[in-house]
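Results of the structural survey
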Amino acid sequence: MKDSQARTIYLKDYQAPDYLVDHTDLSFELDPHATLVKSKLKIRRNPAVAQANETLPPLWLDGADLELLSVSINGELLPAHRYQQRAGGLSLSTDAPEFELEVHTRIAPEANTSLEGLYLSNGMYCTQCEAEGFRKITFYPDRPDVMSVFTTTIVAPASYPVLLSNGNKVDSGTTEDGRLRVTWEDPFAKPSYLFALVAGDLQHVEDSFTTCSGREVKLQLFTEARNIGKCAHAMTSLKHSMRWDEEVYGREYDLDIFMIVAVDHFNMGAMENKGLNIFNSACVLASPETATDAAFQRIESIVAHEYFHNWSGNRVTCRDWFQLSLKEGFTVFRDAEFSADMNSRAVKRIEDVTLLRTSQFAEDAGPMSHPVRPDSYMEISNFYTLTVYEKGAEVVRMIHTILGPEAFRRGSDLYFERHDGCAVTCEDFVAAMEDANGADLKQFRRWYSQAGTPVLDVEDTYNEALGEYSLTIRQQTPETPGQKGKLPLHIPITVGLLAEDGSPLRLDDAAGQMEVVLHLTEASQNFTFAGIASRPLPSLLRGFSAPVKLRYDYSSAQLQFLMQHDTDPFNRWDACQRLSINSLQTLQQQYRSGEALQQPAALIEGYAAVLDDAALDPALVAKMLALPSAQEIAEQGGEIDAAAIIAARTFARDAIATALAERFLTRYHALEQHKPYSPTAEDIAERSLKNTCLFYLCAAGSADALALAKGQFERGENMTDTAAALAALVEFGTETQAEGFLQAFYQQWQQDTQVVETWFGLQSGSAKFGTLERVQKLIAHPAFEVKNPNKVRAVIAGFAMRNFTQFHRADGSGYTFLADQVIALDKLNPQIAARLVTPLTRWKKYRAQESAQIHAALQKISVSGELSRDLYEVVSKSLEQD
Ligand code: TRP
Ligand code: ZN
């Protein structure tokens, strides 16, 4: 394993830039093998660091994979002794504090499979510059605290009629040799990571939005012609986002045009380039026939996320990449609140908390554990993590909870006003929240610097004579790599109390409210409620008011009581989760000790009550009836025993399916929709419960149930119902049947990239169908493309991250397979390779045998030859736990 290039970068070493770039003038002559990039920079010594009578420091420009053609200063070619090309960039000496630098470079977009910098996707040119991709386009101070006004000229053959960049189009024409030429100007100073360029033969849909001050903004969504019918939902989502940000945050859009481009080859979901967002096709294109409800909702939230970045990220950006959560945590919080306002708030919260518990908690307990604001990194791309995004959003949410909505808004107003046009830090965000409200978030700041998931232990006592109920809450955060001796955090804990009859109790100290936010700041603290007539049942951590693990010894009866009576819908669901987890743990114990598995009676009773409760929102019912995933069960602590988890979960599923079959059938028929598809929250809720019922019906294995699924599949009314039926048929039908349905589906949809991705995912993620042998066949399938991250995610990640049963096959072949795939991918796309390796990083948590097998797979990667910096960082840190 090489480590020559893998230097660790520390937050404590941050230094302001030596030089600023006031203006950046770029010109591109596009060619797949030899694109000519000319950059003219107006450079000036940074006055903030300049000293009187100083010798000027050399100017450093980052650069990677560039062919340098020439360097000139103030119009004169620079002699070779004035600059030095080093690994990672160019250093040049200057004799004036202000000058114009012109650099010419040549790049080969066609050869760029890393999908950062300028590359080709289905013949379309596009860019991805965050975090450090701009240095693959030209030599530049590629750091977010260097903000510049950009002018971009693109020259391309006439076969690329659409030429886009940031800002406003200010000129266009034809060159003497008949090529097209367009010039764009972005009036807002921005860091290089927000630069974008697109060139292709694209169609677009157009709409407009009138802002709160009455300005009309042109909205355009560009795609390849075949996808032009899939743009409506994203356009609607965009308009909703623009309105929401005006209403909830007072933020108005600032350019006259806002463009979105859909691209098939993309490492992440989407990118917020100023005025020119670039999206992974899967996160923007949808039609009822081809996209599932989940895809519709994902599109709405990602369109909003990228749009919201225009303020939280672009107008106010990050000083350095350690501050990434400044824009990402805040923007995820903003998009989550938007989705909650547009759809069911409780369901959105449940989904986000499930992601956090399943994956962020695991990350925080693993070898890559890091604080929301990391202290160090080798490769910044590895820190676009669930911790920075999702836990970061939870940290912002806690500020919102602690201050309350009005005070939070005062804080965000001050933040945007104070720092508009600047590159700032997480500290600046917290300070604005404090200063606008005279609040004290001193201790709260530890959430930014301390890694690990805090564990809360709650005990209660009731004093009948005094009518007093008290909660004792202890907090403790586990050690994480490089961080020992954790300090107590300021944790807001929203609590309600239920009376014996299930009614909510009025709480004295919350001014007669039904719930109160407790501020836990000590390692152990006592909270007493007076005037409580009989022993109450506590509803703790309502709405998941803090990203912690909360332990309280609820009995099954108490959990069932909360499931029925809690006024907080999130906690009703959470009580059901606790009940499921308890049952699954009991079953795992029985399995491990070789006993016969017992019916999970309490769970079945609880589920029956949920199904019988006609008043309960069907979306919530569907969420309650979904057993925690194997991955989530694995996160409960203790040594992971994959076989026991699978046995327990399968047994519970089948027991529920059999015991409640009649109820599932009644509910299924009652929920059949005889109306055109619409992705509204109500309709989505009905479909999700209907398909949950179908899944259990098929799990119980009757021919009638499979016929029901077959009928639903064949009607093909919308992709949600079709894919759900197909999933049930694949999981519970015979293999020949499954094969037939899958073939039919492929025949119908093979022209549609997104549906083919769904089709891949259905197979690779299937406990029954997605065996290693089948996954290997999928990789050889003509529709599989190793250079397309969506295909890699559908097939390889589908298997390694969403197919617990087959991936953890006892012979360890799943692990070796993943190692081989990671090694091959690292040569093409290091970012994707480093993400894909995640399941292998958790080797320490498993039983001895699996642990040794996973460790061996990691070793195999580490000795396979030269690794990218991305993969090197993850693999070496994972092996360090030895
Ligand atoms: N800033 C993008 C977002 O959160 C993330 C992103 C898009 C990204 N593409 C990337 C991050 C490539 C790293 C590498 O919306
Ligand atoms: Zn983002």
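This report concerns the structure included in the present document. It should be emphasised that the depicted structure is a prediction, and the values quoted were computed from it without experimental measurement.

Attention now goes to the overall build of the protein. Secondary structure summary: the protein contains 28 helices and 31 strands in total. Here the C-alpha atoms of the protein give a radius of gyration of 28 Å, agreeing with the 29 Å that 2.2 N^0.38 yields for 882 residues. The dimensions of the protein, computed from C-alpha atoms along their principal axes, are 85 × 65 × 60 Å. Counting only residues that meet the buried cut, the protein has 60% of its 882 residues in that class. Contacts in the protein between residues far apart in sequence, at least 24 positions, make up 70% of those at least 6 positions apart.

Scanning all chains against the criterion turns up 70 salt bridges. In this structure, glutamate 67 and arginine 106 form a salt bridge, with 2.8 Å as the shortest nitrogen-oxygen distance. Placement of glutamate 67 in strand β5 (residues 67-73) and of arginine 106 in strand β9 (residues 98-107) is noted, with a sequence separation of 39 residues between them. For glutamate 67, a relative accessible area of 38% gives the class partly exposed. One salt bridge in this structure joins glutamate 714 and lysine 710, with 3.4 Å as the shortest N-O distance. Taken together, the residues span about one helical turn, with glutamate 714 and lysine 710 both in helix α17 (residues 703-715) at a distance of four residues. Salt bridges sharing partners connect three or more residues here, namely Glu29, Lys38, Asp177 and Arg179.

Okay, helix α15 (residues 661-670) next. Every buried residue belonging to α15 is among Phe664, Arg667 and Tyr668, and all of these are buried. Looking straight down α15, one finds that the buried residues subtend no more than 105° of arc, so they occupy a single side. For α15, the exposed residues lying more than 90 degrees away from the buried face are Glu662, Thr666 and Ala670. Among the structural elements, α11 (601-612), α12 (618-625), α14 (642-659), α16 (681-699) and α17 are those in contact with the buried residues of α15.

Right, let's talk about the pairing of strand β28 (residues 515-520) for a bit. Moving residue by residue along a regular strand, the side chains alternate between the two faces of the sheet. Burial of β28 is one-sided: the residues Val516, Leu518 and Leu520 facing one way are buried, the residues Glu515, Val517 and His519 facing the other way are not. For strand β27 (residues 491-498) and β28, the ladder comprises six bridges, and the chain directions are antiparallel. Looking at the pairing, isoleucine 491 lines up with leucine 520 of β28.

Now for the site of ligand 1. Near ligand 1, the surroundings consist of 15 residues, among which Glu130, Ala270, Glu272, Glu306 and Tyr389 are the closest. Here an oxygen atom of ligand 1 and a backbone polar atom of alanine 270 are 3.3 Å apart. Between ligand 1 and glutamate 272 there is a distance of 2.7 Å, counted from a nitrogen atom to a side-chain nitrogen or oxygen. Taken by itself ligand 1 offers 370 Å² of open surface, and the protein chains cover 97% of this.

Glancing now at the coordination of the zinc ion (ligand 2). Octahedral metal centres with six donors ideally show angles of 90 or 180 degrees, and tetrahedral centres with four donors ideally show 109.5 degrees. Those donors, His305 (NE2), His309 (NE2), Glu328 (OE) and Glu328 (OE), are the protein atoms that reach the zinc ion (ligand 2), and they lie 1.9 to 2.7 Å from it. Geometry at the zinc ion (ligand 2) is irregular, judged from its six donor atoms and the angles of 45 to 160° they form at the metal. Accessibility expressed as a relative area gives 8% for histidine 305, which makes it buried.

So, about the sheet that holds strand β29 (residues 524-529). Strands sit in the order β29-β26-β25-β31 across an open sheet of four strands; the sheet is mixed. Each having just a single partner strand, β29 and β31 (549-551) make up the two edges of the open sheet. Between one strand axis and the next, the sheet turns by 25° as a mean value, whatever way the strands run. The pairing of strand β25 (residues 455-463) with β31 spans three bridges and is parallel. Residue pairing for β31: aspartate 457 is matched across the bridge by arginine 551.

Right, let's talk about the packing of helix α19 (residues 735-749) against helix α20 (residues 753-764) for a bit. Taken N-terminus to C-terminus, the directions of α19 and α20 make an angle of 165°; their axes are 9 Å apart at the nearest point. Relative to α20, α19 is oriented roughly antiparallel. Read as a crossing pair, α19 and α20 show a hand that is left-handed. Each of Leu742, Phe745, Tyr746 and Trp749 in α19 lies in contact with α20, whose residues at this interface are Val755, Val756, Trp759 and Gln763. Classifying every residue of the contact of α19 with α20 gives seven nonpolar, one polar and no charged.

One finds Leu101, Phe529, Leu840 and Ile861 to be the most contacted residues of the largest nonpolar core, which totals 281 residues. With nine residues, the top contributor of residues to this core is helix α5 (residues 386-403). Beyond its immediate stretch of four places on either side in the chain, leucine 840 contacts Phe807, Tyr815, Leu818, Ala819, Ile854, Ala857, Leu858 and Ile861.

Reading the values: the criteria
Residues numbered from 1 in each chain as written. Chains lettered and ligands numbered in written order. Predicted model: local features only at pLDDT ≥ 70, side-chain atom pairs only at ≥ 80, totals over all residues. Heavy atoms only, no water. Helix = DSSP H or I, 4+ residues; strand = E, 2+ residues; numbered from the N terminus. Rg over C-alpha atoms; globule rule 2.2 N^0.38 Å. Buried < 20%, exposed > 50% of the residue type's maximum accessible area, 1.4 Å probe, protein only. Contact = heavy atoms within 4.5 Å. Salt bridge = Lys/Arg side-chain N within 4 Å of Asp/Glu carboxyl O. Arc of directions from axis to C-beta. Pairing = 2+ DSSP bridges. Near = heavy atom within 4 Å. Polar contact = N/O pair within 3.5 Å; in protein donor to acceptor, adjacent residues only side chain to side chain. Areas by Shrake-Rupley, 256 points an atom, 1.4 Å probe, with all protein chains shown as cover. Donors = N, O, S within 2.8 Å, 3.2 Å for Na, K, Ca; no water. Tetrahedral: all angles 85-135°; square planar, octahedral: opposite > 155°, others 65-115°. Axes fitted to C-alpha atoms, helices over the stretch in contact; angles between N-to-C directions. Parallel < 35°, antiparallel > 145°, perpendicular 65-115°, else oblique. Left-handed = near helix turned anticlockwise from the far one by under 90°. Nonpolar A, V, L, I, M, F, W, Y, C, P; charged D, E, K, R; others polar. Core = buried A, V, L, I, M, F, W, Y, C linked by side-chain atoms within 4.5 Å.

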